[in-house]
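Listed here are the chains, written in short residue letters.
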Amino acid sequence: MAKTEKTKRNPPWTRDEIILALDLYQKLEGTWPAPEDTRVQDLSHTLNRLWRAQGVDGVTLRNPNGVKMKLMNLRSHDPAFEDVDGLKAGNRLEVEVWNDFAGQPQHLRETAEAIRLAIMDNTLLSTAYVKNDALSSEEMDAPEGRILTVMHHSRERSRKIIQAKKKAVLTKTGRLACEACGFDFAQQYGDRGQGFIECHHIKPLCDLPKETRTRLDDLALVCANCHRMIHAQRPWLNIEELSDLIGSGCMY
Ligand SMILES: [Zn+2]
Ligand SMILES: [Zn+2]
């Protein structure tokens with residue numbers, strides 16, 4: 001029986017899932033839960049909800065034993081357990097998530113809570129997966145994972161708020177210039193570039209599920225190149241970091 005079950009492989013753990021598992025791992029503070037522990041059961045339930053939203057289901061999929069196994073894998077990255085004979089089945093993604101979050105417990109807690117909120121909210125969850133394939137292959141998920149990344153893009157591509165932002169900036173400054181590099185499409189391309197600029201949502205990703213309304217101040221105007229560069233690698237850059245990069249890049 002075990003064999004037939006194994007032939008139908010469960011999908012590999014995603015960054016979002018590992019963040020949630022690491023959050024539970026940290027909350028356990030070195031104690032070891034039984035599979036029937038409610039915290040393990042809750043995580044198993046949350047992860048199943050996430051997969052069902054993508055049409056993936058299965059008896060063994062992220063069951064409490066699978067969750068416990070992942071917690072054991074995470075322990076193999078924990079310096080506090082270095083001499084314990086941990087399970088060395090850890091993968092690259094686990095190491096990445098460990099490095100991104102283990103040293104920032106507060107950030108980990110907030111991010112995990114935001115992901116959980118998004119998974120438990122039917123509208124947020126379905127929106128996240130409908131828009132999933134809207135990401136270009138050159139864009140990189142944020143360290144905070146896929147759901148919050150998709151939510152970020154969806155907020156900054158909302159037509160209504162973009163129009164309002166452009167209008168406000170135009171009224172105030174008389175032009176639409178990139179806040180990182182100063183590029184002005186209208187200046188460069190004439191009429192064709194009139195009114196052309198992208199918006200980048202600048203709020204922390206873990207705030208997104210709590211705030212359903214986007215304010216004009218949550219958006220920065222950026223040219224297409226700068227916007228791509230912000231999202232091209234992990235971690236994403238903020239506008240100031242990108243400006244600094246452009247400044248230093250020009251100093252040859
Ligand atoms: Zn720019
Ligand atoms: Zn953006």
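For the structure, see preceding data.
The present account deals with the structure reproduced in this document.

What counts, and where the lines are drawn
Residues numbered from 1 in each chain as written. Chains lettered and ligands numbered in written order. Predicted model: local features only at pLDDT ≥ 70, side-chain atom pairs only at ≥ 80, totals over all residues. Heavy atoms only, no water. Donors = N, O, S within 2.8 Å, 3.2 Å for Na, K, Ca; no water. Tetrahedral: all angles 85-135°; square planar, octahedral: opposite > 155°, others 65-115°. Core = buried A, V, L, I, M, F, W, Y, C linked by side-chain atoms within 4.5 Å. Buried < 20%, exposed > 50% of the residue type's maximum accessible area, 1.4 Å probe, protein only. Helix = DSSP H or I, 4+ residues; strand = E, 2+ residues; numbered from the N terminus. Domains from an automatic or database assignment. Contact = heavy atoms within 4.5 Å. Phe/Tyr/Trp six-rings, centres within 6.5 Å; stacked < 30°, edge-to-face > 60°. Lys NZ or Arg CZ within 6 Å of the ring centre and 35° of its normal. Axes fitted to C-alpha atoms, helices over the stretch in contact; angles between N-to-C directions. Parallel < 35°, antiparallel > 145°, perpendicular 65-115°, else oblique. Left-handed = near helix turned anticlockwise from the far one by under 90°. Nonpolar A, V, L, I, M, F, W, Y, C, P; charged D, E, K, R; others polar.

At this site the zinc ion (ligand 1) is bound by Cys-178 (SG), Cys-181 (SG), Cys-223 (SG) and Cys-226 (SG), with donor distances of 2.3 to 2.4 Å. Each of the four donor atoms bound to the zinc ion (ligand 1) contributes to angles spanning 103 to 117 degrees, and the resulting shape is tetrahedral.

Here we take up the nonpolar core. The biggest cluster of nonpolar side chains holds 56 residues, and the ones touching the most others in it are Ile-19, Leu-20, Leu-22, Leu-43, Ile-147, Cys-178 and Cys-226. Counting residues per element, this core draws most heavily on helix α2 (residues 15-28), which supplies eight residues. The residues that make up this core include at least three from each of domain 1 (2-133 + 142-152) and domain 2 (157-249). Leave out the neighbours within four places in its chain, and Cys-226 touches Cys-178, Ala-180, Cys-181, Leu-242 and Ile-246.

On to the coordination of the zinc ion (ligand 2), then. Distances from the zinc ion (ligand 2) to its protein donors, namely His-152 (NE2), Glu-156 (OE), Glu-156 (OE), His-200 (ND1), His-227 (NE2) and His-231 (NE2), fall within the range 2.1 to 2.5 Å. Every donor counted, the six donor atoms about the zinc ion (ligand 2) form angles of 54 to 163 degrees at the centre, which fits irregular coordination. The sequence motif formed by the donor residues of the zinc ion (ligand 2) is H-x3-E-x43-H-x26-H-x3-H. Placement of the pair is His-152 in helix α8 (residues 146-156) and His-227 in helix α11 (residues 224-231), with a sequence separation of 75 residues.

Using the criterion set out here, one finds five aromatic pairs in the structure. Aromatic pair Tyr-25 and Trp-98: ring centres 6.0 Å apart, planes at 65 degrees, arrangement edge-to-face. Of this pair, Tyr-25 sits in helix α2 while Trp-98 is found in helix α5 (residues 92-101), placing the two residues 73 residues apart along the sequence. Of the two residues, Tyr-25 and Trp-98, both sit in the buried class. Three or more aromatic residues joined by ring pairs form one cluster here, namely Phe-183, Phe-185, Tyr-189 and Phe-196. Looking at Arg-75, its charged tip hangs above the ring of Trp-32, at a distance of 4.7 Å from the centre. Positioned over the ring face of Phe-81 is Arg-75, at 4.8 Å from the centre of the ring.

This next bit is on the packing of α2 against helix α6 (residues 105-120). Interaxial distance between α2 and α6 falls to 9 Å at its minimum, and their mutual angle equals 125 degrees. Looking at the two axes, α2 sits oblique to α6. Crossing handedness for the pair α2 and α6: left-handed. Residues Asp-16, Ile-19, Leu-20, Leu-22, Asp-23, Gln-26 and Lys-27 of α2 lie in contact with α6, whose contacting residues are Leu-108, Arg-109, Thr-111, Ala-112, Ile-115, Arg-116 and Ile-119. When grouped by side-chain class, the residues that make up the contact of α2 with α6 number seven nonpolar, two polar and five charged.

Everything listed is a geometric property; what it means functionally is a separate question.
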